[in-house]
Amino acid sequence: MRKTIPIGSFRFINKVWLAVVFFIIVITIGLGLWVSIQTKEIFNISINDEYLGSTSTPDIVKNWVDAEKLEFEMQFPDVQYSSSKIEITPQRKFMGKINDDKVLKEIAELFSIEASGYKLLVEGKVVGTVKNKQIAQKALTTIESMYDPKNLKQEVMTLSYKNKQESKTELKSIKIVESIAFEKVTVDPSELLTENQLLRVLRGSNEKNIIYQVKAGDCISCLAQKFNISQKDILANNPWIKNDFIGIGDELDLTVNRALLSVRTEEISNETVSIPNGVQVTYDESMRRGTSKVINPGKPGLKKITINTIKVNGELVDEVLVGAEVIIKPIEKQIVQGSKVIPGIGTGSFGWPIVKPQITSEYGKRWGRQHEGIDTVSTNRNIFAADSGKVIYAAKNSGYGNHIIIDHQNGYQTLYAHLSKINVKRGDLIEKGDVIGIMGNTGRSTGVHLHFEVEKNNKQQNPMKFLD
Ligand SMILES: [Zn+2]
């Protein structure tokens, strides 16, 4: 018997299947939709190859880094630099985690900027760091040009060829003696020197001040030697010093700016100098000793010379005469000198007032101050009359201490100061070479020495002009 399935139940089964299929489709579409909603583009951030996390947009990192760089560039213009490596990689990711704040905070902690600069080495020693070589080169050129003769305000050089009438100097070469080198380095940008700062370092203007209190036995030349400073610098630093007098307890500024560089210049000068005329002397017994008569005044000649000079930092180091040409020959001066001896009248020539003299301070005007005589020392303390004459002063005062003045009655007077003992009295007539006193340390003096002065017609003279 044939079984029949009722139409109604067939339809029922069909409906169930349909519903199941429909549900699967709906769920699939929904799930797909959900997954696609949950899948976003995120940006993976790493610094120096270290992964930090992800951000929602690349811009928050980019903007932060750009702001840092801009701030650096504003603060240190033209400084080359390198910064931490930041990598931003976009990625589409299902349920990807983003944390903008955390990533930014870590970048702020880890990000760094390093400046690059050049160390300047002088003779292998680091002098300072600059942002580029040009700055250092400019400073070096400035130092060189300071010693270009056409930029030197005062003539430092004292030519040994005297009687200069006319001079023309040409620079042959100029260069820094020390070896100069550069080294590229990364540096804290606040340590970079400007051109002016580097110049100050190179010129030694950053030295500390040295203040010294004068002790017994000190003298300007002794301190100069002890502290390796020139007498010129001592006088320039201490404008209150008069007549080279320093007293115990005085405070001296002995600071020297030691330049790190020596600039060597070679110059050629063409000069016209006078040729001193010689003197021919004849003697006359009818004339008093110390007097003379000019028969022919003579006349100096003239010559053209070419000199090659080498200077280091403006100080003369070497001078070579490379050419000379006589233009006018000198004419000899002729004098008749008296030889009749009268006591108390000078012979007209001076002898040393001490034996085996050692000069501790020279005569002259230096940097505005005048030293009216010379200071000398000797192991033999006898003081001799430099020439015959009449004692016009033999007593003490506060500056010179015990001192003697001899009038040689020929226009000259000599003075002997700081004596411990005076052997003569006012009015004495003495002969050249007589012992007139003993060397001492009286008056404004810091040690045993003789201060010796020469005057001609009441005008101060350099005693060395008359002594040899
Ligand atoms: Zn003196």
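Reading the values: rules and limits
Residues numbered from 1 in each chain as written. Predicted model: local features only at pLDDT ≥ 70, side-chain atom pairs only at ≥ 80, totals over all residues. Heavy atoms only, no water. Axes fitted to C-alpha atoms, helices over the stretch in contact; angles between N-to-C directions. Helix = DSSP H or I, 4+ residues; strand = E, 2+ residues; numbered from the N terminus. Parallel < 35°, antiparallel > 145°, perpendicular 65-115°, else oblique. Left-handed = near helix turned anticlockwise from the far one by under 90°. Contact = heavy atoms within 4.5 Å. Nonpolar A, V, L, I, M, F, W, Y, C, P; charged D, E, K, R; others polar. Core = buried A, V, L, I, M, F, W, Y, C linked by side-chain atoms within 4.5 Å. Buried < 20%, exposed > 50% of the residue type's maximum accessible area, 1.4 Å probe, protein only. Donors = N, O, S within 2.8 Å, 3.2 Å for Na, K, Ca; no water. Polar contact = N/O pair within 3.5 Å; in protein donor to acceptor, adjacent residues only side chain to side chain. Pairing = 2+ DSSP bridges.

Asker: Would you mind going over the packing of helix α4 (residues 133-146) against helix α5 (residues 195-202) with me for this structure?
Answerer: Two measures define how a pair of helices packs: the angle their axes make with one another and the distance between the axes. Contact geometry of α4 with α5 gives a least axis separation of 9 Å together with a crossing angle of 50°. It follows that α4 is oblique to α5 by the angle criterion. As α4 packs across α5, the resulting crossing turns out to be right-handed. Between α4 and α5, the residues in contact are Ile135, Ala136, Lys138, Ala139, Leu140, Thr142 and Ile143 and Glu195, Leu198, Leu199 and Leu202, respectively. For the contact of α4 with α5, the residue count by class is eight nonpolar, one polar and two charged.

Asker: Teacher, can you tell me more about the nonpolar core here?
Answerer: A general trend in soluble globular proteins is that nonpolar side chains are found buried together. Grouped together as the largest cluster of nonpolar side chains are 22 residues, with contacts concentrated most on Ile383, Ile404, Tyr416, Ile436, Leu450 and Phe452. Ignoring anything within four residues of it in the chain, the contact list for Ile436 reads Ile383, Phe384, Ala385, Ile404, Ile406, Tyr416, Ile422, Asn423, Val424 and Ile430.

Asker: Just to check I follow, could you spell out the coordination of the zinc ion for this structure?
Answerer: Each angle at a metal carrying four tetrahedral donors should ideally be 109.5 degrees, and each at a metal carrying six octahedral donors should ideally be 90 or 180 degrees. Note on the zinc ion: its protein donors are His371 (NE2), Asp375 (OD) and His451 (ND1). The metal-donor distances range over 1.9 to 2.4 Å. Counting along the primary sequence, the residues that act as donors to the zinc ion give the motif H-x3-D-x75-H. Here His451 lies in strand β28 (residues 450-456) and Asp375 lies in strand β20 (residues 374-377), a separation of 76 residues in the sequence. Here the two residues Asp375 and His451 agree in accessibility, since each one is buried.

Asker: Any chance you could explain the side chain of Ser54 here in plain terms?
Answerer: Checked against the element boundaries, Ser54 lands in strand β2 (residues 50-55). A residue is classified by how much of its surface remains accessible, and Ser54, at 4% relative accessible area, is buried. When neighbours within four sequence positions are excluded, Ser54 is seen to be in contact with Ile42, Phe43, Asn44, Lys97, Ile98, Asn99, Asp100 and Val103.

Asker: Is there a simple way to think about the side chain of Gln461 in this case?
Answerer: Position of Gln461 relative to the elements: it lies in strand β29 (residues 459-461). Looking at Gln461, its side chain comes within polar contact range of the side chain of Lys465, at 2.7 Å. Discounting chain neighbours no more than four positions away, the residues touching Gln461 are Tyr363, Glu372, Val454, Glu455, Lys456 and Phe466.

Asker: Looking at this model, I keep getting lost on the sheet that holds strand β21 (residues 382-384). Mind explaining?
Answerer: Sheet strands pair by backbone hydrogen bonding; their relative direction is either parallel or antiparallel. Strand order in the open sheet formed by three strands is β21-β27-β25, with antiparallel pairing between adjacent strands. In this open sheet, the two strands that pair with only one neighbour each are β21 and β25 (421-422). Sheet analysis places β25 next to strand β27 (residues 435-438), joined by two bridges and oriented antiparallel. Bridge pairing in β27 links Ile422 to Gly437.

Asker: So what exactly am I meant to see when it comes to the packing of helix α2 (residues 59-75) against helix α3 (residues 100-110) here?
Answerer: Where α2 contacts α3, the two axes come as close as 10 Å, and the packing angle between them is 25°. When the axis of α2 is compared with that of α3, the two are roughly parallel. In the packing of α2 onto α3, the handedness of the crossing is right-handed. Facing α2, whose interface residues are Ile60, Val61 and Trp64, α3 presents Asp100, Leu104, Ile107 and Ala108. Of the residues that constitute the contact of α2 with α3, the class distribution is six nonpolar, no polar and one charged.

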